[in-house]
Amino acid sequence: MADVQKIATREGYGDALKQIAAEHDNLVVLDADLAGATKTAKFQKAYPDRHFNCGIAEANMIGVAAGLSTMGIVPFAASFAMFASGRAYEQIRNSIGYPHLNVKIGATHGGISVGEDGASHQCCEDFALMRTIPGMTVMCPADNVEAIAMVKAAYEMEGPVYMRFGRAATPVFHSEDFKFEIGKGEVLQEGTDVAIIATGIMVPEAIEAGKTLAANGIKARIINMATIKPIDAEMVIKAAKECGRIVTVEEHSIIGGLGEAVAGVLSEECPVPLKRIGVNDEFGHSGPAADLLKQFGLCADNIVKVTTEFVGKTAASKKAVAPIENVDVRLWLDSVK
Amino acid sequence: MLAEEKKDLSLKALSVREGILTGTLNAKSGHPGGSLSAADMLTYLYFKELRVDPKDPKKADRDRFVLSKGHAAPALYAVLAQKGFFPVEDLQKLRHIGCHLQGHPNMNLTPGVDMSTGSLGQGISAAVGMAKGAKYMKKDINVYTILGDGEIAEGQVWEATMSASHFGLDNLCIIVDINGLQIDGTTEFVMNSAPVDAKFEAFNCQVVKIDGHDFDAIENAMTAFHANMGSGKPFVILMNTIKGKGVSFMENQVGWHGKAPNQDEYNQGMADLANARKAIEEA
């Protein structure tokens, strides 16, 4: 992808806020001393009177955002994913989630691609935390184009939203006329041997993996699942029925994130073998982002490796899946063994 | 304050206290102590201070009130009912399944409640957001919040106070109900917050100290709040109160923080309030 443009999704967050603000007076932005890093400084420069820096006090920032929203204002509160979702979890739960207030949380620096700052700043738990709050929409864009579209869609919808953006520059693959819809997955490549469902900056890696897999004779369906909650269950079930096996990829703990959201749909609606690629219940550490992603297996090469093994291992169950509605479950279980 | 006016407020505050006992009796749970200590201030706020309309509870330009010490919900509900936001009979269903009166305030269920609270330390931040929002929209809206003296141990309270000063929110009135008791004992024993006045002053607030059961003192404090507007400083009222005020056996008893009266205790409490009513009416 040498000739592909690379932009961090956090850039899109700042740009989109500026664009929406030009048309809507009721949008304000809150920061916790990270305006430069969250890219809201672009907004701050254009609209200094509408940018409220709350200092290094995330809990209060979330409460202030809640109060602002009760006045008919649409606040976008920004910090790093670790502090937005972690430090202020209970404030989000009780002051925003419980009253279902129209607050948008823009969390940048999600995942281990934060890089050199290390584990204290590498949040791989935010999807899990935010998913558990009733009524919370949880999203993560796959590239800068989607980031901009997502922020605009978040502004347009009523209710609390958590959005995770990345620090590292990552490939832009959507065209400018891309249309984003909250709660809808996006099939980027058709395939029936396996479905690879990815979110965030793992999506371009999944696309690359799909190409290699195709060259090796495995037709993988590549799905961008930008909305983690509410998950596009229809698309997951369709992929399960048509592909017979699913791989999920996320720059997040395999506990509580995209993988488990997909697992929940599959186990209740259409049980097929599932392989989750993500951070395996461990903390990250310091290092260059690209090297860390490789080390943690969050890269195209590892997606190819894991998917190839998984397709081989699950060859038997794949055959039994298609007619599952008509099959005696005990026979199906036998065939898996 | 005119004698007639004070008499009227005193009688209303007694009705609020009766509502607190009725609510907690029927709920078989709840927090009467800290509700009774805040009852006079809440009565004053809703009948003298706040520009609110029970017929139009969501009116955009109304003043806002946030009960940061959300466990005093029985007092807030009783005063909202007195004010006409919903029938007084609803208090009998406090904390019952299907009733809008939740254990802690819910802004989406109860008419007149401006913010859902209950988790201590969070209401004041929302109040800061409301006051900041009013300033941003250039609206003449004042925001009032009541905190408990145990609650101010929460670090978020000081984050919020610092931001209120930083944002120049002189339309914000922060009231601290200093009844001296919290669940595990006296505030002095559990987590000594003294000196509270010096703390808020150090956070660049304008501070007054009053007797929270004296309507003249409350009125003077509110006059000072209005006079303070334009200073850019948040206004803080530290009100000394008696936990359980008005119900003889609950006064200054830490055990009545989060315990409902049984029927006998309820009857005795109602008798205390009836005697007080008689004394006011005959004066």
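Residues numbered from 1 in each chain as written. Chains lettered and ligands numbered in written order. Predicted model: local features only at pLDDT ≥ 70, side-chain atom pairs only at ≥ 80, totals over all residues. Heavy atoms only, no water.

### Brief notes about the overall build of chain B
So, step 1. Counting its regular elements, chain B contains nine helices and seven strands.
So, step 2. Rg of the C-alpha trace for chain B: 18 Å, near the compact-globule value of 19 Å for 283 residues, within the 12% margin.
So, step 3. Principal axes of the C-alpha set define a box for chain B whose edges measure 50 × 45 × 40 Å.
So, step 4. Expressed as a percentage of its 283 residues, the buried residues of chain B come to 58%.
So, step 5. Here chain B displays about 10,900 Å² of accessible surface, and carbon together with sulfur accounts for 51% of that area. (Helix = DSSP H or I, 4+ residues; strand = E, 2+ residues; numbered from the N terminus. Rg over C-alpha atoms; globule rule 2.2 N^0.38 Å. Buried < 20%, exposed > 50% of the residue type's maximum accessible area, 1.4 Å probe, protein only. Areas by Shrake-Rupley, 256 points an atom, 1.4 Å probe, with all protein chains shown as cover.)

### Focus: the domain arrangement of chain A
Residues and elements named next belong to chain A.
So, step 1. Each assigned domain of chain A is listed here: domain 1 (6-171) and domain 2 (186-314).
So, step 2. Between domain 1 and domain 2, the C-alpha centre-to-centre distance is 25 Å.
So, step 3. The interface is formed by 32 residues belonging to domain 1 together with 33 residues belonging to domain 2.
So, step 4. Of the roughly 2,300 Å² buried where domain 1 meets domain 2, counting both sides, 60% is carbon and sulfur surface.
So, step 5. Contact with domain 2 buries area across many residues of domain 1, yet Ile112, Phe127 and Arg131 alone supply 27% of it, more than any other trio.
So, step 6. Where Arg164 meets Glu251, a salt bridge forms, and the shortest distance between an N and an O atom there is 3.7 Å.
So, step 7. At the boundary of domain 1 with domain 2, the tally comes to 19 residue pairs in polar contact (both at pLDDT 80 or more).
So, step 8. Where the side of domain 1 that touches domain 2 is concerned, the elements lending two or more residues are helix H7 (126-131), strand S6 (137-139), helix H8 (144-156) and strand S8 (170-171). (Domains from an automatic or database assignment. Contact = heavy atoms within 4.5 Å. Buried area = accessible area lost by both parts, 1.4 Å probe. Salt bridge = Lys/Arg side-chain N within 4 Å of Asp/Glu carboxyl O. Polar contact = N/O pair within 3.5 Å; in protein donor to acceptor, adjacent residues only side chain to side chain.)

### Thoughts on the sheet that holds strand S11 (residues 220-224) of chain A
Residue and element names in this part refer to chain A.
So, step 1. The mixed open sheet is built from five strands, whose spatial order is S9-S11-S10-S13-S14. In this open sheet, the two edge strands, each paired with only one partner strand, are strand S9 (186-189) and strand S14 (274-279). Ignoring which end each strand starts from, the neighbouring axes of this sheet average 25° apart.
So, step 2. Direction of pairing for strand S13 (residues 246-253) relative to S14: parallel, over a ladder of five bridges. Bridged to Val247 within S14 is Lys275.
So, step 3. The strands touched by helix H11 (residues 258-269) within the sheet are strand S10 (194-198), S13 and S14, with S13 carrying the most contacts at an inclination of about 145°. (Pairing = 2+ DSSP bridges. Axes fitted to C-alpha atoms, helices over the stretch in contact; angles between N-to-C directions.)

### Some remarks on the packing of helix H1 (residues 3-27) of chain B against helix H2 (residues 32-49) of chain B
Residues and elements named next belong to chain B.
So, step 1. Two elements in contact, H1 and H2, have axes whose closest approach is 9 Å; the angle formed by their N-to-C orientations is 140°. Taken together, the axes of H1 and H2 lie oblique to each other. Seen along the crossing, H1 lies across H2 with a hand that is right-handed. Residues Glu5, Leu9, Lys12, Ala13, Val16, Arg17, Ile20 and Thr24 of H1 form the contact with H2, whose own contacting residues are Pro32, Ser35, Leu36, Ala39, Asp40, Thr43, Tyr44, Phe47 and Lys48. (Parallel < 35°, antiparallel > 145°, perpendicular 65-115°, else oblique. Left-handed = near helix turned anticlockwise from the far one by under 90°.)

### A short note on helix H6 (residues 89-97) of chain A
So, step 1. Taken as a whole, H6 of chain A has its buried residues at Gln91, Ile92, Asn94, Ser95, Ile96 and Gly97 of chain A.
So, step 2. Its buried side turned inward, H6 of chain A meets helix H4 (58-70), helix H5 (81-87), strand S5 (104-108) and H7 of chain A together with helix H5 (155-166) of chain B.

### Examining the sheet that holds strand S2 (residues 27-31) of chain A
All names here are of chain A.
So, step 1. With respect to topology, seven strands assemble into an open sheet ordered S3-S2-S4-S5-S7-S6-S12, the strand pairing being mixed. Two strands close off the open sheet at either side, each with one partner strand: strand S3 (51-53) and strand S12 (227-229). Neighbouring strand axes in the sheet, compared pairwise and without regard to direction, differ in orientation by 20° on average.
So, step 2. Relative to S12, S6 is paired through two bridges, and the arrangement is antiparallel. Within S12, the position partnered with Met139 by the bridge is Thr227.

### Brief notes about the interface of chain A and chain B
So, step 1. Each partner contributes to the interface: chain A provides 28 residues, whereas chain B provides 27 residues.
So, step 2. By the criterion of area lost to chain B, the three top residues of chain A are Asn60, Met71 and Tyr98 of chain A, representing 30% of everything that side buries.
So, step 3. Connecting chain A to chain B are zero salt bridges.
So, step 4. The interface formed by chain A and chain B includes twelve residue pairs in polar contact (both at pLDDT 80 or more).
So, step 5. Looking at the side of chain A that touches chain B, the elements that each hand over two or more residues are S2, S3, H4 and H6 of chain A.
So, step 6. If one sorts the elements of the side of chain A that touches chain B by residue count, H4 of chain A sits on top with nine residues.

### Digging into the environment of Ser116 of chain B
So, step 1. Along the polypeptide, Ser116 of chain B turns up in the loop between helix H3 (73-83) and helix H4 (123-136).
So, step 2. Judged by its relative accessible area of 4%, Ser116 of chain B falls in the buried class.
So, step 3. With ten residues separating them in the primary sequence, Ser116 of chain B and Asn106 of chain B have C-alpha atoms 4.4 Å apart.
So, step 4. Setting aside residues no more than four positions away along its own chain, Ser116 of chain B makes contact with Tyr98 and Pro99 of chain A together with Pro105, Asn106 and Met107 of chain B.
So, step 5. Engagement of the side chain of Ser116 of chain B in a polar contact is seen with the backbone nitrogen of Met107 of chain B, the distance being 3.0 Å.

### Comments concerning the environment of Asn26 of chain B
All names here are of chain B.
So, step 1. Looking at the secondary structure, you find Asn26 in helix H1.
So, step 2. For Asn26 and Pro261, which are 235 residues apart along the polypeptide, the C-alpha to C-alpha distance reads 9.2 Å.
So, step 3. Ignoring sequence-local partners within four residues, the contact set of Asn26 consists of Gln92 and His96.
So, step 4. Of note is the side chain of Asn26, whose polar atom sits 2.7 Å from the backbone oxygen of Thr22.

### Some remarks on unusual backbone geometry
So, step 1. Across the junction of Lys229 of chain A and Pro230 of chain A, the peptide omega takes the value -5°, indicating a cis bond.
So, step 2. For Pro230 of chain A, the location among the structural elements is in the loop between S12 and helix H10 (233-243).
So, step 3. Cis rather than trans, the peptide bond between Ala194 of chain B and Pro195 of chain B has omega equal to 0°.
So, step 4. Within the secondary structure layout, Pro195 of chain B lies in the loop between helix H6 (187-190) and helix H7 (196-202).

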